[in-house]
Amino acid sequence: MASEHVFLPIRQLGHLIRDKHISPVELAETFLDRLESLGPEYNAVVTVTRDRAMRQARNAEREILSGQYKGPLHGIPFGAKDLLATSEGIPTTWGAIPYRDQTFDYDATVLQKLEESGAILTAKLAMVELAGGMGYRQPNASITGPGINPWNKDAWSGGSSSGSGSSVAAGLVPFAIGSETFGSILSPAGNCGVAGLRPTYGRVSRYGAMALSWTLDKLGPLCLTADDCGLVLNTIAGYDPNDPSTTKEPYQYEASDLPGQRFRLGVIKGVADGADEEVQANFRESLRVLGQVASIDEVEMLEGFPSGEVTRTILNAEAASAFEDFLETGRASELTAPEDRYGGYARMSLLATDYIRALRLRGLMAREADRVMSRYDVLVAPSRATVASALDQEFRSVAGGGAPDVMGAVGNGAGLPAISVPNGFGARGLPTGIQFMGRVYEENKVLAVARAYQSLTDWHQRHPPDAMPKN
Amino acid sequence: MSTAEDRIGTLLDLVRERYGSGLSPEELEHVRTGVERLVEAADAMRLVPLNNSDEPLATFVPHRAREV
C-alpha cells in the first residue's frame, strides 16, 4: 500500500477503492500500522481494534470484488472516541481509569451504521476522562495522558475528543467520530487543524454513547475536509428508536455546489474580541476570502443574555445526575486530573429550580437565535479564541466558566449545527480555525459554506511534517 | 432574600454533609469555588424575566409501548 494515500480525503479514497486501485485490506493494514507506531507519540489511541478491523476489511474486499460496492465509506478505516460502546470484548474506557475494564455486549448505533456502510473500525481513540464532565482545567486528564498535538508536541490536541482530532491530523485514520457537549468536537478540530462537524442535536443517535448531558450531547465526524464530514454525516444521521431524541427529519448530504452561488454570512458583533492576535488576523483574512462568495454583515444576537450560564447550568445539572452514583461511591478519587477528583461535587448542590430556569431560558435563547439566523445562511466566528494551550498550561474549562464563548454557548444550548475548518496558523506553529454555524437541521448550508471556503484556501491540504509518511 | 454569601454557605454545607468525609479541606475550598460559580450563574439567569407561559424547552412525551 502506497503511503501517498494516507492524507487523501475519504471521497478520493472511496473512488480508488471503488475502482479497485486500492485494497481495503491493505488500506486497513496501513492505518493499523500507523495507529500502533505513531498513536503513542500523540497519546491518541486507547485500543487498536486490529482483529475486528481486519475481519471487516476482508469482508469489504470480498464484497467490492464481487460487485457489491456500498458507497463512499466502504472499505474506509476510521476511529471512534472511546465513549462509544463496542462489543466483542473491546474495552470502552470513557477515557477514565475507573472504567478501564468496562465492556459492552453491543455496538453504539453510530458504529452499527458505519459497519453497515462498510467502514472499518480500526481504533478506539483517546479522550478526556468522562468527556471533561468533572471540570478538568489542564490537558493531563485522561487514562492515556495528555493529548499531544501533531503540529507541536508541546501543545494539546483536545479536548475532549483529543484522539479524534490528533488521529485525523496525523493521518492515523481518514476520519473519526467524536462527541460534543460544549466544544468537544470544534475544539480539537481547531487545535489540530482538521474539519470537525457538530450536527444538530438529535440528528445522530446517542445510543451506546456515554451520557454526560442528555440534552446537550451530540456525536459527529472529524475529517480532513468539510466534504468528508458530509459523507460521514450522511451515513450516521437518522432516527433511532433506541434514542428518542433523534429526529425523524430526513437527512441527505448535498455535495454539489451551485455555480456562482453566493452566501449570506453574519458575524456577531465583537465575536473575535479578546482572541489571540493571530486568531484575529486569520479571521479577518478569512472574511476577506469569503467576501468572494458571500455578503457579510455584522449582527447583534443575544447581547447581554446569560447564554453561557444557561448552557453551563444545564450541563452541570445533567452531568451531576449522570454521574451521581460515581460521585456517591467516591470513585472520582481514581481519576487522573486532581481537579476532576473533586470537581463534580459542587454541582451536587445545584437547585432543581435553577436547572428548570435554565431550560426555560433555553427556549428564549433558541427562539432569538433562530430569529436572527433566519436572515443568514450561517454565522461565522473563530473556532477558538486561542491556539492550542501548552501541555503544562492550565486553562479555564467550559464547565467551570471559561472566557465568553457566545457561539459555543448558544450553538450547544440551542442544539445548532456547526463546523470548524482550519484557516491558518498562529503562535508556536499551531493551527487556527474558523467556524460556521447554521440553523437547526441546516447542516447542508453549513457544509456548503465550509466547502466554498476550502475551495478558496489550502489550509486543509497542509499536514504536520512529523506525521508525513516516510517512503 | 438571603445574600449570595448565605446561599453559597448553605449549599456548601449540603455538599460537606453528604460528601465531606471523602474530601480534604483543600478540596472543599475548591468545591466552594465551584458552588460560587453555580450561584453566580443562577443570579445571572434570574435577571432575565420569565413569563408563566415560558415553558422549559424539553418536551415530555407520555410513553406507551408499541403493541405488536
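You'll find the structure just up there.
Basis of the calculations
Residues numbered from 1 in each chain as written. Chains lettered and ligands numbered in written order. Predicted model: local features only at pLDDT ≥ 70, side-chain atom pairs only at ≥ 80, totals over all residues. Heavy atoms only, no water. Helix = DSSP H or I, 4+ residues; strand = E, 2+ residues; numbered from the N terminus. Rg over C-alpha atoms; globule rule 2.2 N^0.38 Å. Buried < 20%, exposed > 50% of the residue type's maximum accessible area, 1.4 Å probe, protein only. Contact = heavy atoms within 4.5 Å. Areas by Shrake-Rupley, 256 points an atom, 1.4 Å probe, with all protein chains shown as cover. Lys, Arg positive; Asp, Glu negative; His and termini not counted. Charge placed at Lys NZ, Arg CZ, Asp CG, Glu CD. Salt bridge = Lys/Arg side-chain N within 4 Å of Asp/Glu carboxyl O. Core = buried A, V, L, I, M, F, W, Y, C linked by side-chain atoms within 4.5 Å. Axes fitted to C-alpha atoms, helices over the stretch in contact; angles between N-to-C directions. Parallel < 35°, antiparallel > 145°, perpendicular 65-115°, else oblique. Left-handed = near helix turned anticlockwise from the far one by under 90°. Nonpolar A, V, L, I, M, F, W, Y, C, P; charged D, E, K, R; others polar. Expected span 1.5 Å × (residues − 1). Arc of directions from axis to C-beta. Buried area = accessible area lost by both parts, 1.4 Å probe. Polar contact = N/O pair within 3.5 Å; in protein donor to acceptor, adjacent residues only side chain to side chain. 1 Å grid on protein atoms, 1.4 Å probe; cavity = no way out; pocket = protein on both sides within 12 Å on 5 of 7 lines; lining within 4 Å. Points joined across faces, edges and corners; volume = space filled by probe spheres on them.

Draft legend 1. How the structure looks around the overall build of chain A. Helix and strand content of chain A: 13 helices and 13 strands. Against the globule reference of 23 Å for 471 residues, chain A gives a C-alpha radius of gyration of 20 Å, in line with a compact fold. Relative to its 471 residues, chain A shows a buried fraction of 65%. Considering only residue pairs separated by 6 or more positions, chain A has 79% of its internal contacts joining residues 24 or more positions apart. Of the roughly 16,300 Å² of accessible surface on chain A, a fraction of 48% belongs to carbon and sulfur atoms. Averaging the coordinates of the 44 positive side-chain charges in chain A and doing the same for the 56 negative ones gives two points 3 Å apart.

Draft legend 2. Fine view of the pattern of salt bridges. Residues and elements named next belong to chain A. Taken as a whole and assessed by the stated rule, the structure comprises 33 salt bridges over all chains. Measuring nitrogen to oxygen at the nearest pair gives 2.9 Å for the salt bridge that ties R50 to E36. Residue R50 is found in helix α3 (residues 50-65), and its partner E36 is found in helix α2 (residues 24-38); the two are separated by 14 residues along the sequence. On the basis of relative accessibility, which here comes to 26%, the residue R50 falls in the partly exposed class.

Draft legend 3. Representation of the nonpolar core. A:L84, A:L130, A:F175, A:L290, A:V380, A:I419 and A:F436 are the most contacted members of the largest nonpolar core, which has 145 residues in total. Apart from residues lying up to four places away in sequence, A:F175 is in contact with A:I10, A:L73, A:I76, A:P77, A:F78, A:G79, A:L114, A:A119, A:V168, A:L222, A:C223 and A:V232.

Draft legend 4. Looking closely at the packing of helix α9 (residues 307-322) of chain A against helix α12 (residues 406-413) of chain A. Residues and elements named next belong to chain A. Where α9 meets α12, the axes come as close as 8 Å, and the angle between the chain directions of the two elements is 50 degrees. Classed by the angle they form, the pair α9 and α12 counts as oblique. α9 and α12 meet at a crossing whose hand is left-handed. Across from S307, G308 and T311 in α9, the residues of α12 making contact are A409, V410, N412 and G413. Among the residues forming the contact of α9 with α12, the class breakdown is 2 nonpolar, 5 polar and no charged.

Draft legend 5. Summary view of the environment of A:Y342. Here A:Y342 lies in the loop between α10 (324-328) and α11 (352-373). Leave out the neighbours within four places in its chain, and A:Y342 touches A:R137, B:L23, B:E27, B:H30 and B:V31.

Draft legend 6. The arrangement of helix α1 (residues 4-19) of chain B in detail. Taking 1.5 Å per residue as the helical rise, α1(B) with its 16 residues ought to reach 22 Å, and the 22 Å between its terminal C-alpha atoms agrees with that figure. When we look at burial in α1(B), the residues that qualify are B:R7, B:I8, B:L11, B:L12, B:V15 and B:Y19. Take α1(B) and look down its axis: the buried residues cluster within an arc of 130 degrees, on one side only. Of the residues in α1(B), the exposed ones pointing more than 90 degrees away from the buried face are B:T10 and B:E17. Buried residues belonging to α1(B) abut α10 of chain A together with α2 (25-46) of chain B.

Draft legend 7. Here's a closer look at the interface of chain B and chain A. The interface is formed by 28 residues belonging to chain B together with 32 residues belonging to chain A. Each partner contributes to the roughly 2,700 Å² buried at the junction of chain B and chain A, and carbon and sulfur atoms together form 67% of this total. Contact with chain A buries area across many residues of chain B, yet B:Y19, B:M45 and B:L57 alone supply 25% of it, more than any other trio. Across the pair B:R18 and A:E328 runs a salt bridge whose closest N-O atoms are separated by 2.9 Å. Seen at the junction of chain B and chain A, the total is 8 residue pairs in polar contact (both at pLDDT 80 or more). For the side of chain B that touches chain A, the secondary structure elements donating two or more residues are α1 and α2 of chain B. Among the elements that make up the side of chain B that touches chain A, the one with the highest residue count is α2(B) (12 residues). Here the residues of the side of chain B that touches chain A are counted per class, giving 17 nonpolar, 4 polar and 7 charged.

Draft legend 8. Focus on the environment of A:N140. Residues and elements named next belong to chain A. Its location among the elements puts N140 in the loop between β3 (120-125) and β4 (148-149). Given the relative accessible area of 35%, N140 is considered partly exposed. Taking C-alpha positions, N140 is 9.5 Å from P338, a pair spaced 198 residues apart along the chain. In this structure N140 touches G145, P146, T336 and A337, once residues within four positions along its chain are discounted.

Draft legend 9. Representation of the environment of A:A155 within the structure. Residue position: A:A155 is located in strand β5 (residues 152-156). Residues A:A155 and A:I10, spaced 145 residues apart in sequence, show a C-alpha to C-alpha distance of 27 Å.

Draft legend 10. Region of the structure containing unusual backbone geometry. All names here are of chain A. Cis geometry is adopted by the peptide bond preceding G159, which originates at G158 and carries an omega value of -20 degrees. Take G159: it is sitting in the loop between β5 and α5 (162-169). In this structure, the amide linkage connecting G159 to the following residue, S160, adopts the cis form with an omega of 10 degrees. With respect to the helices and strands, the residue S160 is situated in the loop between β5 and α5. The backbone phi angle of E88 is positive, close to 65 degrees, even though this residue is not glycine.

Draft legend 11. Broad picture of the layout of surface pockets. Taken as a whole, the second largest pocket encloses approximately 700 Å³ of empty space. Every residue lining the second largest pocket is counted, 19 residues in all, and those nearest its centre are A:Y201, A:S245, B:L57, B:A58 and B:T59.

Draft legend 12. Geometry of the side chain of A:Q102. Residues and elements named next belong to chain A. Considering the arrangement of structural elements, one finds Q102 in the loop between β2 (77-81) and α4 (109-116). For Q102, a relative accessible area of 17% gives the class buried. A polar side-chain atom of Q102 sits 2.7 Å from the main-chain carbonyl oxygen of T92. Leave out the neighbours within four places in its chain, and Q102 touches I90, P91, T92 and W94.

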